[in-house]
Amino acid sequence: MKKLFILFIIVTGAVTEFTAQNIATPIDVKISETFKDSKKMTTLAFSVEDRKGGVIIGRNYNKGCYIEHYNEQLKLVEEYEMQMDNKRSRILDAFTKDSKLMLVEYLQNADAEELQYVMHKTDMDKFAFESSVLFSIPFSEYKKNILEDIWSKSIFGMGKEDQDASGEMSVSRNRNYIAFYQDIKDNGKESHSIYVFDKDLKKIYEHSFSSDIPDRKFTIQNVDISDEDGTVYLLGKTSPKEAKSKEDGGKYFYELFKIDASGKKSLQFDSDDKFAASLTTVIGQNKIICAGFYSDRKDTRYKGVVHFSINPDDLSIQSSKYSPFSDQFIIDKYGKDKDKELRNIVFRNSHIDADNNLILAGEEHFVRFVNGGQMGNSYINYFFMDIIAVKLDPDGDLIWSRNINKGQTALVLDPAASYSSTYKDGKLLFFINGNDKVKKMSKDRIGFPDARNKNMNMFAIEIDKNGDFNYQIIVPEDDADVAFGVSEGIFLNNGEQIIFQGRLKRKKQIAKLTLK
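The rules behind each value
- Residues numbered from 1 in each chain as written.
- Predicted model: local features only at pLDDT ≥ 70, side-chain atom pairs only at ≥ 80, totals over all residues.
- Heavy atoms only, no water.
- Helix = DSSP H or I, 4+ residues; strand = E, 2+ residues; numbered from the N terminus.
- Buried < 20%, exposed > 50% of the residue type's maximum accessible area, 1.4 Å probe, protein only.
- Contact = heavy atoms within 4.5 Å.
- Areas by Shrake-Rupley, 256 points an atom, 1.4 Å probe, with all protein chains shown as cover.
- Salt bridge = Lys/Arg side-chain N within 4 Å of Asp/Glu carboxyl O.
- Pairing = 2+ DSSP bridges.
- Axes fitted to C-alpha atoms, helices over the stretch in contact; angles between N-to-C directions.
- Patch = residues over 30% accessible without salt bridge, like charges linked within 9 Å, V, L, I, M, F, W, Y side chains within 5 Å.
- Core = buried A, V, L, I, M, F, W, Y, C linked by side-chain atoms within 4.5 Å.
- Phe/Tyr/Trp six-rings, centres within 6.5 Å; stacked < 30°, edge-to-face > 60°.
- Polar contact = N/O pair within 3.5 Å; in protein donor to acceptor, adjacent residues only side chain to side chain.
- Arc of directions from axis to C-beta.
- Lys, Arg positive; Asp, Glu negative; His and termini not counted.
- Charge placed at Lys NZ, Arg CZ, Asp CG, Glu CD.

## Points about the overall build of the protein chain
- Secondary structure assignment for the protein chain yields 3 helices and 40 strands.
- Burial analysis of the protein chain (516 residues in total) assigns 55% to the buried set.
- Restricting the contact set of the protein chain to residue pairs at least 6 apart, pairs at least 24 apart contribute 51%.
- Of the accessible surface of the protein chain, which amounts to about 23,100 Å², a share of 45% is contributed by carbon and sulfur atoms.

## Topic: the pattern of salt bridges
- Per the counting criterion, the structure on display carries 20 salt bridges.
- With its nearest N and O atoms 3.4 Å apart, the salt bridge here joins Asp 93 to Arg 175. Taken together, the residues span a long stretch of sequence, with Asp 93 in strand E8 (residues 89-97) and Arg 175 in the loop between strand E12 (168-171) and strand E13 (177-183) at a distance of 82 residues.
- Here Asp 296 ties to Lys 274 by a salt bridge, and the two come within 3.0 Å at their closest N and O atoms. Note that Asp 296 is positioned in the loop between strand E21 (287-295) and strand E22 (301-302) and Lys 274 in the loop between strand E19 (263-269) and strand E20 (275-284), a separation of 22 residues in sequence.
- Among the residues examined, Lys 274 registers a relative accessible area of 18% and is labelled buried.

## A look at the sheet that holds strand E17 (residues 232-238)
- With antiparallel pairing, the 4 strands of this open sheet are ordered in space as E16-E17-E18-E19. Either end of the sheet is taken by a strand with one partner, and the two such strands are strand E16 (218-225) and E19. Ignoring which end each strand starts from, the neighbouring axes of this sheet average 20° apart.
- The pairing of E16 with E17 spans 7 bridges and is antiparallel. Paired with Phe 218 across the bridge in E17 is Thr 238.

## Description of a nonpolar patch on the surface
- Judged by side-chain polarity, Tyr 379, Leu 411 and Val 412 come together as a nonpolar surface patch covering roughly 310 Å² of accessible area.
- Among the secondary structure elements, Val 412 is positioned in the loop between strand E30 (408-410) and strand E31 (420-424).

## Considering the nonpolar core
- Of all hydrophobic cores here, the largest spans 34 residues; its most connected members are Leu 256, Phe 269, Leu 279, Ile 310, Phe 325 and Ile 388.
- Among the elements that line this core, the one with the most residues is E21, at 6 residues.
- Discounting residues that sit within four places of it in the chain, Phe 325 has contacts with Phe 293, Tyr 302, Lys 303, Gly 304, Val 305, Leu 342, Ile 345, Ile 388, Val 390, Leu 398 and Ser 401.

## So, the pairing of strand E10 (residues 114-123)
- With 7 of its 10 residues buried, E10 lies for the most part within the structure.
- Pairing geometry for strand E9 (residues 100-109) and E10, over 10 bridges, is antiparallel. Paired with Val 104 across the bridge in E10 is Met 119.
- Count of turn residues in the E9/E10 antiparallel hairpin: 4 residues, of which Glu 113 carries a positive phi of about 55°.
- Of the pairings in the sheet, the one linking E10 to strand E11 (residues 126-138) comprises 9 bridges and is antiparallel in character. Directly across from Met 119, in E11, lies its bridge partner Ser 132.
- Linking two consecutive strands that pair antiparallel, namely E10 and E11, is a turn of 2 residues.

## Describing the packing of aromatic side chains
- Throughout the structure, instances matching the rule amount to 26 aromatic pairs.
- When the ring of Phe 127 is compared with that of Phe 129, the centres are 6.0 Å apart and the planes differ by 25°; the resulting orientation is stacked.
- When its relative accessible area of 6% is taken as the criterion, Phe 127 is described as buried.
- The structure contains a cluster of three or more aromatic residues connected by ring pairs, namely Tyr 106, Tyr 117, Phe 135, Phe 180, Tyr 195 and Phe 197.

## Digging into the side chain of Gln 116
- By secondary structure assignment, the location of Gln 116 is in strand E10.
- Polar side-chain contacts of Gln 116 include one of 2.9 Å to the side chain of Glu 114.
- In this structure, Gln 116 is in contact with Glu 105, Tyr 106, Leu 107, Asn 109, Val 133, Phe 135 and Ser 136, ignoring residues within four places of it in sequence.

## Section: the pairing of E8
- For E8, the tally of buried residues reaches 7 of 9 residues, placing the bulk of the element in the interior.
- Two strands pair when backbone bridges link them, and E8 and E9 are joined in this way by 8 bridges, in the antiparallel orientation. Each bridged residue has a counterpart across the sheet, and for Thr 96 the counterpart in E9 is Leu 101.

## With respect to helix H3 (residues 327-334)
- Residues Phe 329, Ile 330, Asp 332 and Lys 333 constitute the buried set of H3. Projection of H3 onto a plane perpendicular to its axis shows the buried side chains occupying an angular sector of 155°, all on one side.
- Buried residues belonging to H3 abut strand E25 (342-343), strand E27 (358-370), strand E28 (379-392), strand E29 (398-406) and strand E34 (445-448).

## Concerning a negative patch on the surface
- The grouping of Glu 247, Asp 248, Asp 272 and Asp 273 at the surface amounts to a negative patch.
- By the element assignment, Asp 248 lies in the loop between helix H2 (241-244) and strand E18 (253-260).
- Residue Asp 248 is classed as exposed on the basis of its relative accessible area, which comes to 51%.

Geometry only, nothing functional implied.
Below, the structure written as structure tokens:
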């Protein structure tokens, strides 16, 4: 049986060199004993606190949802198997109220000929679920193929005709409100229904809206929800004829929708002569921020950061800024100053600090299909490369930008690849797996080499408010039996506690990180 251990990481004084010294944020790491797991292929669906220091974890698999309750010492105290037809349903998330656990299920109910969003409610001390339908949509109003396989999508991330096809949900940053959004039929137009609930899963309002833009030319970029009143900000990207006729820059428009109980407003804008292939929304103080990465050349390259500041009342654009990556960033990546744009950045995270500065993080990620020819096997390579982090002041001006060199490849969508990140007390923290032999590079740079199961250490990388960073191994390879799925971190207590699940064949462990 694997022992339970607690690791305290504390450092005093400033870090000035890229050496394997401790990071400044104390982290309490707890790792469970090793369990034998009968479920071969699962995806982490939710994790919630039990109000007693323990956690409840749910994992979707092909025949249902497997629910486990761990106490404060990460001992398994109860488990429950919820039988479902996961070709037609999946658990989306979980919420708690007092001593109750509430699960939200997305269900294609063939008998009722409805899409149903179902709440399953139980006492946390003893699992005995009671179910009720939160709301439903008749199949006749549902735009996509009713027989789509939800399970394969949740595992492989494939099969969606567009990003907003199947029922999806977003939760406000402090989990005060939940928004469900669903494509509906409307003669080729882009049409959506929005349903907003509070944290007790009581409906606040619903709203349906349409756009004259054909659905196949519209993709949802991001959905953000105000923690104050449940207002929804939905950002979409469209490619109408007037955008495609532009001589330079991105040949598309962005459309920001503000939706509340009284109705909707919208704003259409573009990236002028720049290419900004994707943006995200962030709710700031008295403004809505649309931010992302841009290029001077084409959609798949990136030169810097774009920042639109928008008035939340009338959706007027207050300012727009395009800031190239800093010289330090280019040196981080290439070891010297050079005029070169990045490729394939995928936006991952955003944070607003106490001074209303915006911190963005992303990753160079791309997929390559390898054709084996007539005699060989074809396969897909997934690449999870460098981490990009930037900080912008409230006016959208660049404060710093940094590049963290790493390289990870996989033949499947391995949750042990990529990263998770959180923000605390002016510091941005990344959690990645890597080889313990950190590579020293020119210009005082470091690189985190790829690791395999036999040398998989969990690192914490910390960037402080000035853009200086350091790193520390927080889970050495010898102290765990599995590699933890750092890309599937579930954040509790405003990001100050992170749950990771680790698997190796039938072996399973849980790691709980608490930032002090």
